[in-house]
Amino acid sequence: MDAILKRRSTRTYANKPISEDVINKLLHAGMSAPSAMHSSPWHFIVISDHDKMVAVTKIHPYSQMMLQAQCAILVCGDQSIETLPEYFQQNCAAAAENILIAATDLGLGCVWVGLYPNEQYREDFKKLFNLPQHIEPFALIPLGYPTQALTPSNRLDSARIHKDSW
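Keep in mind that what you see is a predicted model, and the values were worked out from it rather than measured. (Residues numbered from 1 in each chain as written. Predicted model: local features only at pLDDT ≥ 70, side-chain atom pairs only at ≥ 80, totals over all residues. Heavy atoms only, no water.)

## Let's talk about the packing of aromatic side chains
Per the counting criterion, the structure on display carries five aromatic pairs. Plain terms: the ring middles of F88 and Y116 are 5.1 Å apart, the flat faces sit at 70 degrees to each other, and that makes the pair edge-to-face. Linking F88 in helix α4 (residues 88–105) with Y116 in the loop between β4 (113–114) and α5 (119–128), this pair joins segments that are 28 residues apart in sequence. One aromatic cluster is present, formed by F88, W112, Y116 and F138 through successive ring pairs. (Phe/Tyr/Trp six-rings, centres within 6.5 Å; stacked < 30°, edge-to-face > 60°. Helix = DSSP H or I, 4+ residues; strand = E, 2+ residues; numbered from the N terminus.)

Structure (structure tokens):
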């Protein structure tokens, strides 16, 4: 619960590298997400090339934190192996959330930068990362060690909890 309650959208990062071991743990977390009919339709691109990170900021106006991030993970869905295409977004969202929670647990800061359903972002990301036609970019997760401590917060709102019916 600690990682879930501490998770915040973090947009400023220290100039400290992230080890390959930590990146692999994040990818393991993403690939451990549930998916409809166990299709596991995701692919991940680990972005660390500075020029690509700068290019991302020219495509997506809300991605300026990429200029400070040590790397990012682009979560993509593979339409050719998605068993139930109508669940593509849910499957990729589960993988992205697992990465966000794992990043927090590992002491990293991160933020979910949405791409889907914006058609222009998706097309531009497909070109920038040379994605095959059947691969859909879904979300971008910039990563770095946060410059501020992540503290748990209580967002529980009993007014939004209903039992047995509205």
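## So, the pairing of strand β5 (residues 135–144)
Remark: a regular strand shows side chains that alternate across the two faces of the sheet. Counting buried positions over the ten residues of β5 gives ten, a clear majority of the element. Bridge count between strand β2 (residues 71–78) and β5: eight bridges; the pairing is antiparallel. Counterpart to C71 in the pairing with β5 is L143. As paired strands, strand β3 (residues 109–110) and β5 are joined by two bridges and run antiparallel to one another. Bridge assignment links C110 to a residue of β5, and that residue is L143. (Buried < 20%, exposed > 50% of the residue type's maximum accessible area, 1.4 Å probe, protein only. Pairing = 2+ DSSP bridges.)

## Focus on unusual backbone geometry
Of note, the amide linkage connecting Y116 to P117 takes the cis form, showing an omega dihedral of 10 degrees. As for its placement among the helices and strands, P117 is situated in the loop between β4 and α5. Phi angles above zero are rare outside glycine, and M37 is one such case at about 55 degrees. Structurally, the position occupied by M37 is in the loop between α2 (20–31) and β1 (42–47). For M37, a relative accessible area of 59% puts it in the exposed group. The residue N130 is not glycine, and still its phi comes out positive at about 55 degrees. For N130, the position within the fold is in the loop between α5 and β5. Residue N130 is classed as exposed on the basis of its relative accessible area, which comes to 67%.

## A look at the pairing of β2
Within β2, eight of the eight residues are buried, which leaves it mostly tucked inside the rest of the structure. With burial as the criterion, each face of β2 is covered, one bearing C71, I73, V75 and G77 and the other bearing A72, L74, C76 and D78. Here β1 pairs with β2 via six bridges, running antiparallel. In the strand pairing of β2, H43 is matched with C76.

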